[in-house]
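The lines below spell out each chain.
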Protein chains: 2
Amino acid sequence: MKLQTTQKDHPLLYRQVYDHIVARIQRGELVAHDKLPSIRMLAGELQVHRLTVFRAYQLLKEEGKAYVKEKSGYYVAPMHEITGLPTYEKSSAAARTYRNEMSDIQRVPSVYQFSQALIDPNLLPNLYLSQYVKEVFDRYPKMIGTYSDLQGDAELRDFLGDYMTGRLKVSISADELIITSGAQQAIDLLARLYIRPLDAVMVERPTYSAALDIFRAQGARFLPVDISPGGYDLVQVEEMMKRHKPRFFYMNPTFHNPTGYSVPAGQRKELVALAEKYQCLLVEDDTFRDIYFGEPPSLPLFTYDTEGWVIYLSSFSKYVAPGLRICAVVGRSSVIQPLLTLKSLADNGSPLVNQKLFLHYFGSERMQNHLEKLRIALQIRRDLMIESLRDTGWQWTVPEGGLNLWVKLPDQLSVDMLWQRATAEAVSFVPGAVFDPKREMRSWFRLSYSFVNEEQIRTGMRLLTNLAGSMDNR
Amino acid sequence: MKLQTTQKDHPLLYRQVYDHIVARIQRGELVAHDKLPSIRMLAGELQVHRLTVFRAYQLLKEEGKAYVKEKSGYYVAPMHEITGLPTYEKSSAAARTYRNEMSDIQRVPSVYQFSQALIDPNLLPNLYLSQYVKEVFDRYPKMIGTYSDLQGDAELRDFLGDYMTGRLKVSISADELIITSGAQQAIDLLARLYIRPLDAVMVERPTYSAALDIFRAQGARFLPVDISPGGYDLVQVEEMMKRHKPRFFYMNPTFHNPTGYSVPAGQRKELVALAEKYQCLLVEDDTFRDIYFGEPPSLPLFTYDTEGWVIYLSSFSKYVAPGLRICAVVGRSSVIQPLLTLKSLADNGSPLVNQKLFLHYFGSERMQNHLEKLRIALQIRRDLMIESLRDTGWQWTVPEGGLNLWVKLPDQLSVDMLWQRATAEAVSFVPGAVFDPKREMRSWFRLSYSFVNEEQIRTGMRLLTNLAGSMDNR
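Residues numbered from 1 in each chain as written. Chains lettered and ligands numbered in written order. Predicted model: local features only at pLDDT ≥ 70, side-chain atom pairs only at ≥ 80, totals over all residues. Heavy atoms only, no water.

**Quick word on the overall build of chain A**
Part 1 of the argument: Each helix and strand in chain A was counted, giving 15 helices and 15 strands.
Part 2 of the argument: What you see for chain A is a C-alpha radius of gyration of 24 Å, in line with the 23 Å of a compact globule of 474 residues.
Part 3 of the argument: Dimensions of chain A along its principal axes, counting C-alpha atoms only, are 75 × 65 × 45 Å.
Part 4 of the argument: The proportion of buried residues among the 474 residues of chain A is 64%.
Part 5 of the argument: Taking the intrachain contacts of chain A between residues at least 6 apart in sequence as the baseline, contacts between residues at least 24 apart amount to 72%.
Part 6 of the argument: When the accessible surface of chain A is split by element, carbon and sulfur atoms take 50% of a total near 17800 Å².
Part 7 of the argument: Of the charged side chains in chain A, 56 are positive and 54 negative; the average position of the first set lies 6 Å away from that of the second. (Helix = DSSP H or I, 4+ residues; strand = E, 2+ residues; numbered from the N terminus. Rg over C-alpha atoms; globule rule 2.2 N^0.38 Å. Buried < 20%, exposed > 50% of the residue type's maximum accessible area, 1.4 Å probe, protein only. Contact = heavy atoms within 4.5 Å. Areas by Shrake-Rupley, 256 points an atom, 1.4 Å probe, with all protein chains shown as cover. Lys, Arg positive; Asp, Glu negative; His and termini not counted. Charge placed at Lys NZ, Arg CZ, Asp CG, Glu CD.)

**A short note on the interface of chain B and chain A**
Part 1 of the argument: Listed by partner, the interface residues are 85 residues for chain B and 86 residues for chain A.
Part 2 of the argument: Taken as a group, B:Tyr147, B:Arg196 and B:Leu345 account for 10% of the area that chain B buries against chain A, more than any other trio of residues on that side.
Part 3 of the argument: At the boundary of chain B with chain A, the tally comes to two salt bridges.
Part 4 of the argument: Between B:Asp188 and A:Arg192 there is a salt bridge whose closest N-O contact spans 2.8 Å.
Part 5 of the argument: Inspection of the chain B/chain A interface yields 21 residue pairs in polar contact (both at pLDDT 80 or more).
Part 6 of the argument: Elements with a contribution of two residues or more to the side of chain B that touches chain A: helix 4 (87–90), helix 6 (126–139), helix 8 (182–194), helix 9 (209–217), helix 10 (234–244), helix 12 (333–346) and helix 13 (352–362) of chain B.
Part 7 of the argument: Sort the elements by how many residues they give to the side of chain B that touches chain A and helix 6 of chain B lands first, with eight residues.
Part 8 of the argument: Of the residues contributing to the side of chain B that touches chain A, the split by class is 41 nonpolar, 26 polar and 18 charged. (Buried area = accessible area lost by both parts, 1.4 Å probe. Salt bridge = Lys/Arg side-chain N within 4 Å of Asp/Glu carboxyl O. Polar contact = N/O pair within 3.5 Å; in protein donor to acceptor, adjacent residues only side chain to side chain. Nonpolar A, V, L, I, M, F, W, Y, C, P; charged D, E, K, R; others polar.)

**Notes on the pattern of salt bridges**
Part 1 of the argument: According to the stated counting rule, one finds 41 salt bridges over all chains in the structure shown.
Part 2 of the argument: One salt bridge connects A:Asp290 with A:Arg167, and the closest N-O pair in it is separated by 2.3 Å. In this pair, A:Asp290 sits in the loop between strand 8 (281–285) and strand 9 (310–315) while A:Arg167 sits in helix 6 (residues 154–168), placing the two residues 123 residues apart along the sequence.
Part 3 of the argument: Looking at A:Asp290, the relative accessible area reads 5%, which means it is buried.
Part 4 of the argument: As a salt-bridge pair, B:Arg205 and B:Asp436 come within 2.7 Å of each other at their nearest N and O atoms.

**With respect to the packing of helix 9 (residues 234–244) of chain A against helix 10 (residues 265–278) of chain A**
Residues and elements named next belong to chain A.
Part 1 of the argument: Remark: helix 9 packs on helix 10, axes separated minimally by 10 Å, with the N-to-C direction vectors making an angle of 15°. The orientation of helix 9 with respect to helix 10, classified from their angle, is roughly parallel. In this structure, the crossing between helix 9 and helix 10 has a hand that is right-handed. Here Leu-234, Val-237, Glu-238, Met-241 and Lys-242 of helix 9 come into contact with helix 10, specifically with Gln-267, Glu-270, Leu-271, Leu-274, Ala-275, Lys-277 and Tyr-278. (Axes fitted to C-alpha atoms, helices over the stretch in contact; angles between N-to-C directions. Parallel < 35°, antiparallel > 145°, perpendicular 65-115°, else oblique. Left-handed = near helix turned anticlockwise from the far one by under 90°.)

**Details of the sheet that holds strand 15 (residues 444–448) of chain A**
Residues and elements named next belong to chain A.
Part 1 of the argument: The strand order across the open sheet formed by four strands is 11-12-15-14, and the pairing between neighbours is antiparallel. Across the chains shown, the open sheet's two edge strands, defined by having one partner strand only, are strand 11 (395–396) and strand 14 (430–431).
Part 2 of the argument: Here strand 14 pairs with strand 15 via two bridges, running antiparallel. Within strand 15, the residue paired with Val-430 across the bridge is Arg-446. (Pairing = 2+ DSSP bridges.)

**Regarding the packing of helix 2 (residues 39–46) of chain B against helix 3 (residues 50–62) of chain B**
Residues and elements named next belong to chain B.
Part 1 of the argument: Interhelical geometry of helix 2 versus helix 3 gives an angle of 115° and a closest axis separation of 8 Å. Helix-helix and strand crossings are classified by hand; for helix 2 and helix 3 the assignment is right-handed. Residues Ile-39, Arg-40, Leu-42 and Ala-43 of helix 2 pack against Arg-50, Val-53, Phe-54 and Tyr-57 of helix 3.
Part 2 of the argument: Tallied by class, residues from the contact of helix 2 with helix 3 come to six nonpolar, no polar and two charged.

**Points about unusual backbone geometry**
Part 1 of the argument: Cis peptide bonds are those with omega within 30 degrees of zero, and the linkage from A:Asn257 to A:Pro258 qualifies with 10°.
Part 2 of the argument: Mapped onto the elements of the fold, A:Pro258 is located in the loop between strand 7 (248–251) and helix 10.
Part 3 of the argument: Residue A:Met441 is not a glycine yet carries a positive backbone phi of 50°.
Part 4 of the argument: Within the secondary structure, A:Met441 is located in the loop between strand 14 and strand 15.
Part 5 of the argument: Positive phi is not limited to glycine here, since B:Phe255 has a value of about 50°.

**Here's the deal with the sheet that holds strand 4 (residues 177–180) of chain A**
All names here are of chain A.
Part 1 of the argument: Read across the open sheet, the seven strands follow the order 4-10-9-8-7-5-6; overall the sheet is mixed. Across the chains shown, the open sheet's two edge strands, defined by having one partner strand only, are strand 4 and strand 6 (221–226). Here the average twist between neighbouring strands, direction ignored, is 20°.
Part 2 of the argument: Here strand 4 pairs with strand 10 (residues 327–330) via four bridges, running antiparallel. In the sheet register, Leu-177 faces strand 10, and the bridge partner there is Val-330.
Part 3 of the argument: Strand contacts of helix 11 (residues 333–346): strand 4, strand 9 and strand 10, with the helix running at about 30° to strand 4, the strand carrying the most contacts.

**Re the side chain of A:Ser103**
Part 1 of the argument: Take A:Ser103: it is sitting in helix 4 (residues 101–106).
Part 2 of the argument: When its relative accessible area of 8% is taken as the criterion, A:Ser103 is described as buried.

Take it as geometry only, folks, not as evidence of what the structure does.
Printed below as a string of structure tokens:
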């Protein structure tokens, strides 16, 4: 067993060791007056420095959760003997530390916004939408005064069930579907449902940074699976499932964020077979399916799944109506039922208004026409951004869909330094390390072409490549 | 103690019994080699079938959490002897168990819906709302295509800051305010921010059931503070803060749910002084402030707070626009900043459309007129429900605001039995034990008068009191 290597040097690593021991006490694996593992042993087991374990044990002692016997070691304190509270909690006002690195980066103000994998609002049919809204309110005059079904508006679930059934060629009923506030909430709820501290979770490398932060917050250990233009290394995948029995594999196999790669159709079926064989859930995040530039993408893994090992996230927030925040999670009842309870605790159901507006908008013919135009507009922006890289000597793969370019700088250039300088010039992008569960990939970065118009791409990319050029010459 | 009566015949009921025993082991109430209660005794105590308890004990045995002595019974196994993983976790597909007891009760279909503390949608100015909407969409044509600020729409936060400043006579700026999807999400985020397993949390007794379930899910230990028509026992409050250094005190001091009691103005100031003295955050849930029938209520504790120990939840979901799900959390920067990061992980911000609709609706003169009418309509319903109790011999306190009656049956009557029978007759209410962190208060129950019309109150209450009368005669 090994703790998150990513945080090996992190000053708060001892808190993870601390949490681990507390969790074992809670689960009753360690009871009052049990001896704790020796510092040396635990440091070896968790592959952390002995001082880190020592600090964790000190904290347990300060809190009265452990006591020391001279020349023997640390022991679990009986709980009624807890007298004081931990030092770091002396003020109960101390909040737990959560982190969302990408969000921090995206909140840096910029003019040439290549860090947001969002659709430019100018590309959405806003006027049409606004006209449409009135009709929807006329149809449901009590909509604003009414709570939605916890699982999601029944009419919307019926519609989406039929829509996905027709499109994906598998039968999906309204019961197997729950509406969440975007894919983000779905990922967070699934993490809370499945991950306990120190549980192993398979993730792509690189992958969606906020998902990593969510899993970290639940105390996950990462099992990173490399993704390349050819997909995954299935031998590596099988080995991990077999050895580590991960709680799930979070994947984004179609126009993958940040790389734009897609896992080939042939691998998809095999992955589902592996999931069944090793009883490992696959959480398939399918956010970018409709943003393709050539052929429509391969069917999702979900469609190969007969035994219920795939949880399918179909998010419409990005390109239909970001202001509505609608995602559908599809899974079998053993997933949907506990998810529903957790959703009831988390927000008591998504707002009804958004669901009704989305339903009537997404169901319209106009929407399908809009999607075609959107694909063309995004392809033009993608091509323009690639064109601007032509003479740089940088590396990238032309994405067949999605919103991002995944770019590698030559070895002599530092992405971090480029980021610092670009930010000063109001050009933003996301450094690759943020997407990497191992926090390496320091030569890579993500450029999003979806949020900026053509003029912004031209000017911003000129600024960026010039900056890199000036770094190169020094 | 009694398990969720709603699921009495559910095939997974044994899992609840199992969870109950595991929780008792986790809390250290049962330690290694303790004898478990006999099957007969526990079945009686939990009012479930003996076979259900037997199945739970079998599972404990299979998992190595219990062992059997011939002719004696089941015993808690020492935890280091656990060799395998529990059967139900053999597959990594096993979800964590979350529970929302009130939500389960409310999902039981009924005609006379006295279990929902929601406003009858017919009492909201729906037509006016629908007409208004179009204007809002004309004003923000790109609203559906745009993400909100993570912290909440800036215009809405400005407005609410000014509104609360004017109303509560304390200065609140837009920066000190974050928008969440209802008070429910605010409570959940705060729990995730402040509670770690085994942390002590002060809660009122009784209190909002879903808050208890949220805190339980984070592993909280409860410190229950009795609430009466005179408020709290401040000696008890101080003693708890001093001895246990709780992470926070979650309170609903104005038209308290479920009792309708309000903490007197005199205590409010003292409570803030105690919070400062013992550095204990107060989470003040102020959901029912605008639903008063006599004088407007005392100012919130928040207004006495100069040092930043009160986190103030002002929810508008209930009575303004349940379909929009809007709550404002107000606190100092050391609360708002980490809350913001966690919100970014949880759902990446509340939808913009809802916030803009709420802003323009709540800001209108019409809304204030609506509120006055709403108060009168609810008062009529309250009075009608009280009238229907006149000859019962039951006990209650007339609430000066809020949506609920808190009722005590005479000793010879069982609330659980009344609930079983009422449910069969399509009359629903919430048994008191659900609101009790100690799960006692078995003579009490909550009747909500807000979701049902006058005719439903008359008929439903006649059914309910007749049922109780027939139980009394046996």
